[in-house]
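Reading the structure
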Amino acid sequence: MKDLIILGMGPSRSDCPFDCEVWGVNNGYRQVKELNGRLDKLFIAHRGQEYDWENDPIFDWNELNSLTGNGIEIVSLFKVKELKKITRFPFAKIVKKFGSEYFSDTIAYMLVYALHNNTKKDRKTGLLKLKEPMRIRFYGVDMHTRDEYATERGGIEYFIGVGRTLGALIWIHPDSTLCKTDTGKPYGFYKLNKKIIDPDNIMELQKTPEGVRKLLKKGVLDANQAGEMIKFLTKSS
């Protein structure tokens, strides 16, 4: 059985057993080092340098290039001039194969890449099938911030559905919000109210810089998201 761990950067990453092939994302290699773990592949889906809300660079190209010298394969969606050795993500081939461009974040690319490498078309039916049994486990893909929950979760869940339909065993860390409703209950089994729909009062607080700071303090937004929102609100006022 092909066994794979897709490792995000959320809190549940600390439970990762590193007992099979492990794929990481962006600067997650630093967290892996702190955990005394290891990576086999690192995925990046950015065209070049990115900056945080304080305008500090996110990527250290020297560090990233040193990873390949230590046997870690970097899979990149784009050709990045600062990276000396990469494997290009086969975007067009995968879109054609799976009939979807529903990639809402890098984790979605990682999941479909794993499925792509272990699927082929059945000669009789023309449908995709697994080449061999596979198990995929998610650690650190927690989707706890409201921004992740609203904008990034969908693509991952879509390809989880694709993978499970193909017969892949996909395990999600219990602390993750993936494949869960806001309430943890199926629709119709609870009474809708504002506290359930918007427990952090985001709809109201997002309207002002002071409100955004409250969301940052609560941990609903990270510093980059809050900074961008405050910039926008300040310019608009």
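Everything that follows concerns the structure shown earlier in this document.
Presented here is a report on the structure given in the accompanying data block. (Residues numbered from 1 in each chain as written. Predicted model: local features only at pLDDT ≥ 70, side-chain atom pairs only at ≥ 80, totals over all residues. Heavy atoms only, no water.)

**Side note on the pattern of salt bridges**
Applied cut-off: Salt bridges are identified by distance alone: a Lys or Arg side-chain nitrogen within 4 Å of an Asp or Glu carboxyl oxygen. Each helix corresponds to a stretch of at least 4 residues labelled H or I by DSSP, and each strand to a stretch of at least 2 residues labelled E; elements are numbered beginning at the N terminus. Here's how the labels work: a residue is buried when its accessible area is under 20% of the maximum for its type, exposed when over 50%, partly exposed in between, all with a 1.4 Å probe on protein chains only.
In this structure the tally under the stated criterion is ten salt bridges. A salt bridge links Arg 137 to Asp 19; its shortest N-O distance comes to 2.7 Å. Of the two residues, Arg 137 sits in strand E8 (residues 134-139) while Asp 19 sits in the loop between strand E1 (2-7) and strand E2 (21-25), which places them 118 residues apart along the sequence. By relative accessible area, Asp 19 is classed as partly exposed at 47%.

**Comments concerning empty space enclosed by the protein**
Here is the rule: Of the grid points, spaced at 1 Å and generated over the protein atoms alone, those admitting a 1.4 Å probe that cannot get out make up cavities, while open sets with protein on both sides within 12 Å along at least five of seven lines make up pockets; any residue with an atom within 4 Å of a point is treated as lining. Grid points are joined across faces, edges and corners, and a volume is the space filled by probe spheres set on the points. For this classification, the nonpolar set comprises Ala, Val, Leu, Ile, Met, Phe, Trp, Tyr, Cys and Pro, the charged set comprises Asp, Glu, Lys and Arg, and every other residue, Gly included, is treated as polar.
Counting across every chain of the model gives two cavities of 30 Å³ or more. Computed from the structure, the largest cavity encloses a volume of approximately 40 Å³. Contributing to the lining of the largest cavity are Phe 43, Ile 44, Ala 45, Val 75, Ser 76, Leu 77, Phe 89, Thr 106 and Tyr 109. Here the lining of the largest cavity is built from residues that sort into seven nonpolar, two polar and no charged. Here the second largest cavity defines a volume of roughly 40 Å³.

**Regarding the environment of Asn 27**
Operational definition: In this description, contact between two residues means that some pair of their heavy atoms is separated by no more than 4.5 Å. For the purposes of these results, a polar contact is taken to be a pair of N or O atoms within 3.5 Å, where, inside protein, one atom must be able to donate a hydrogen and its partner to accept one; residues adjacent in sequence count only when each atom of the pair is a side-chain atom.
With respect to the helices and strands, the residue Asn 27 is situated in the loop between E2 and helix H1 (28-34). Look at Asn 27 and you get buried, because its relative accessible area is 11%. In sequence terms Asn 27 and His 46 are 19 residues apart; their C-alpha atoms lie 12 Å from each other. Residues contacting Asn 27, with those up to four places away along its chain left out, are Met 9, Ile 58 and Phe 59. Within polar-contact distance, the side chain of Asn 27 engages the backbone oxygen of Ile 58 at 2.8 Å.

**Quick word on the packing of helix H3 (residues 91-98) against helix H4 (residues 106-117)**
This is how the line gets drawn: Orientation is described by lines fitted to C-alpha atoms, with helices fitted over the stretch in contact, and by angles between N-to-C directions that extend from 0 to 180 degrees. Should an angle lie under 35 degrees it is considered roughly parallel, over 145 roughly antiparallel, and from 65 to 115 roughly perpendicular; all remaining angles are considered oblique.
Contact pair H3 / H4: the axes reach a minimum separation of 11 Å and the direction vectors enclose 75 degrees. Comparing their axes, H4 and H3 come out roughly perpendicular. Contacts from Phe 91, Lys 93, Ile 94, Lys 97 and Phe 98 of H3 reach H4 at Tyr 109, Val 112, Tyr 113, Leu 115 and His 116. When grouped by side-chain class, the residues that make up the contact of H3 with H4 number seven nonpolar, one polar and two charged.

**Some words on the pairing of E2**
Residues in a regular strand project their side chains so that they alternate between the two faces of the sheet. Where we set the bar: Whether two strands pair depends on DSSP finding at least two bridges between them.
The buried count for E2 comes to four of five residues, which makes it a mostly enclosed element. Note: E1 against E2, three bridges, orientation parallel. Within E2, the residue paired with Leu 4 across the bridge is Glu 21. Sheet topology note: the E2/strand E3 (residues 41-44) ladder contains three bridges and is parallel.

**Focus on the packing of helix H8 (residues 209-218) against helix H9 (residues 223-236)**
At a minimum axis distance of 9 Å, the contact between H8 and H9 shows a crossing angle of 175 degrees. The orientation of H8 relative to H9 falls into the category roughly antiparallel. Residues Pro 209, Val 212, Arg 213 and Leu 216 of H8 touch H9, and the partners they reach there are Ala 223, Ala 226, Met 229, Ile 230 and Leu 233. Here the contact of H8 with H9 is built from residues that sort into eight nonpolar, no polar and one charged.

Fair warning: the whole summary comes from geometry, so function is off the table for now.
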